[in-house]
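The chain contents come next:
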Amino acid sequence: MKCIFCKIIKGEIPSKKVLENDNFLAFHDINPVAPVHILIIPKEHFENFDKTPKKVLGEMSDFIKEVAKELNITDYRLITNNGKNAGQEVFHTHIHLIANPNGKLKWPKLV
Ligand code: AMP
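Below, the structure is looked at part by part. On a predicted model such as this, the values are computed, not experimentally measured, just so you know.

### Some points on the sheet that holds strand 3 (residues 36–42)
The five strands are arranged 1-2-3-5-4 in an open sheet whose pairing can be described as antiparallel. The outermost strands of the open sheet, each flanked by one partner alone, are strand 1 (17–20) and strand 4 (77–79). Here the average twist between neighbouring strands, direction ignored, is 20 degrees. Pairing analysis gives three bridges linking strand 4 to strand 5 (residues 95–99), with the strands arranged antiparallel. Each bridged residue has a counterpart across the sheet, and for Arg-77 the counterpart in strand 5 is Ile-98. On top of the sheet, helix 2 (residues 54–71) reaches strand 1, strand 2 (24–28), strand 3, strand 4 and strand 5; it is set at about 150 degrees to strand 3, its chief contact.

### Observations regarding the environment of Phe-24
With respect to the secondary-structure elements, Phe-24 resides in strand 2. Residue class for Phe-24 comes out buried when judged on its relative accessible area of 3%. A sequence separation of 80 residues divides Phe-24 from Lys-104, and the C-alpha atoms of the two residues are 28 Å apart. In contact with Phe-24, not counting residues within four places along its chain, are Leu-19, Ile-41, Pro-42, Lys-43, Val-56, Glu-59, Met-60 and Phe-63.

### Re helix 2
With 18 residues, helix 2 extends 26 Å from end C-alpha to end C-alpha; this agrees with the ideal 26 Å at 1.5 Å per step. Turning to helix 2, the residues buried within the fold contact strand 1, strand 2, strand 3, strand 4 and strand 5. Looking one or two residues beyond helix 2, the residue adopting positive phi is Asn-72, at roughly 65 degrees.

### Side note on the pairing of strand 5
Extensive coverage of strand 5 is indicated by the burial of five of its five residues. Of the two faces of strand 5, the one lined by Ile-95, Leu-97 and Ala-99 and the one lined by His-96 and Ile-98 are each fully buried. Bridge count for strand 3 against strand 5 is five bridges, and the pairing is antiparallel. The partner of Val-36 across the bridge, within strand 5, is Ala-99.

### Quick notes on the site of the ligand
The full set close to the ligand counts 16 residues, and Asp-29, Asn-81, Gly-87, Glu-89 and His-94 are the nearest of them. The contact in question runs from an oxygen atom of the ligand to an N or O atom on the backbone of Gly-87, over 2.8 Å. In this structure, His-94 approaches the ligand through a side-chain N or O atom, which is 2.8 Å from an oxygen atom. Burial of the ligand by the protein amounts to 85% of the accessible area it has alone, namely 500 Å². Elements that contribute at least two residues to the shell around the ligand include exactly helix 1 (4–10) and strand 2. When grouped by side-chain class, the residues that make up the shell around the ligand number seven nonpolar, seven polar and two charged.

The rules behind these values
Residues numbered from 1 in each chain as written. Predicted model: local features only at pLDDT ≥ 70, side-chain atom pairs only at ≥ 80, totals over all residues. Heavy atoms only, no water. Pairing = 2+ DSSP bridges. Helix = DSSP H or I, 4+ residues; strand = E, 2+ residues; numbered from the N terminus. Axes fitted to C-alpha atoms, helices over the stretch in contact; angles between N-to-C directions. Contact = heavy atoms within 4.5 Å. Buried < 20%, exposed > 50% of the residue type's maximum accessible area, 1.4 Å probe, protein only. Expected span 1.5 Å × (residues − 1). Near = heavy atom within 4 Å. Polar contact = N/O pair within 3.5 Å; in protein donor to acceptor, adjacent residues only side chain to side chain. Areas by Shrake-Rupley, 256 points an atom, 1.4 Å probe, with all protein chains shown as cover. Nonpolar A, V, L, I, M, F, W, Y, C, P; charged D, E, K, R; others polar.

Shown next, in the form of structure tokens:
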């Protein structure tokens, strides 16, 4: 089993957890691009957003809102890189939650 996020779920690789329930896990990105950079993942393995069932994505949305509450933030950006050319490096569905509690996030040019 090669998936690093599956290993994080199993506790085989350490992570800085923010919130967890039976189906989802939120933990700090190892290489943050903003003061707050959290990864939210389903515990069940799906390759990416495109391959993730509607039911899971719906429940994931509720979980993300709980994560924001836990972090005490109301303003945040959600990103999912779907596929190699979109920048996906880990092929286990994840949503990046990014925030700057001290000010505005920039909207960078990506190409
Ligand atoms: P993506 O490029 O959308 O697939 O995002 C993968 C993200 O996973 C990157 O932002 C990495 O910094 C992050 N990442 C990779 N390995 C780990 C790890 N062991 N713990 C936390 N974050 C990780």
